[in-house]
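# Structure assessment
Here are the chains, one letter per residue:
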Amino acid sequence: MKAEDTMELKDVLADWLDYDVAAFRLGVFLGVFPRDQKFSSVKRMFWVDGYPLGDMLVDLLDRMAQAGVLLKDEEDARYKWNPAPIDLS
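The following paragraphs examine the structure supplied in this document. None of the values given here were measured: they were computed from a predicted structure.

### Looking at unusual backbone geometry
Unlike most non-glycine residues, Ala 77 shows phi in positive territory, near 50°. Mapping Ala 77 onto the fold places it in the loop between β2 (70-73) and β3 (78-81). The exposure class assigned to Ala 77 is partly exposed, which follows from its relative accessible area of 29%.

### With respect to the pairing of β2
Taken together, the four bridges between β2 and β3 define a ladder with antiparallel strand orientation. Within β3, the residue paired with Leu 70 across the bridge is Trp 81. What sits between β2 and β3 in their antiparallel hairpin is a turn of four residues, with Ala 77 showing a positive phi close to 50°.

### Looking at helix α4 (residues 52-66)
Each α-helix winds once per 3.6 residues, and so residues spaced three or four apart point in a common direction. Relative to the 21 Å expected for 15 residues at 1.5 Å per residue, α4 spans 21 Å between its end C-alpha atoms, a close match to the ideal helical length. Among the residues of α4, Gly 54, Leu 57, Val 58, Leu 61, Met 64 and Ala 65 are the ones counted as buried. For α4, the buried positions fall inside an angular range of 115° around the axis, keeping them on one side. Every exposed residue of α4 that faces more than 90 degrees away from the buried side is listed here: Pro 52, Arg 63 and Gln 66. Close packing links the buried residues of α4 with α1 (9-12), α2 (19-30), α3 (44-47), β2 and β3. Count one or two residues on from α4 and you reach Gly 68, which has phi positive near 90°.

How each quantity is defined
Residues numbered from 1 in each chain as written. Predicted model: local features only at pLDDT ≥ 70, side-chain atom pairs only at ≥ 80, totals over all residues. Heavy atoms only, no water. Helix = DSSP H or I, 4+ residues; strand = E, 2+ residues; numbered from the N terminus. Buried < 20%, exposed > 50% of the residue type's maximum accessible area, 1.4 Å probe, protein only. Pairing = 2+ DSSP bridges. Expected span 1.5 Å × (residues − 1). Arc of directions from axis to C-beta. Contact = heavy atoms within 4.5 Å.

Below, the structure written as structure tokens:
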């Protein structure tokens, strides 16, 4: 088993990532894309309207930011894991 096979999402999104790369990495983490998938071959689904999968993954990032799990930089359209503990009560 490779180290990246046991990474948690907080590790995958530990640093600021542009929205399209963050959505792609989330998709890989969820198993939507194979681990060996190249971002360049699917980036259009995040840049062009009308790709439901790309829209869904970006929407999921936004919802995670609304819940406080992720931080969102609105100005630069990027995300990262929120290092602060989240109140789950």
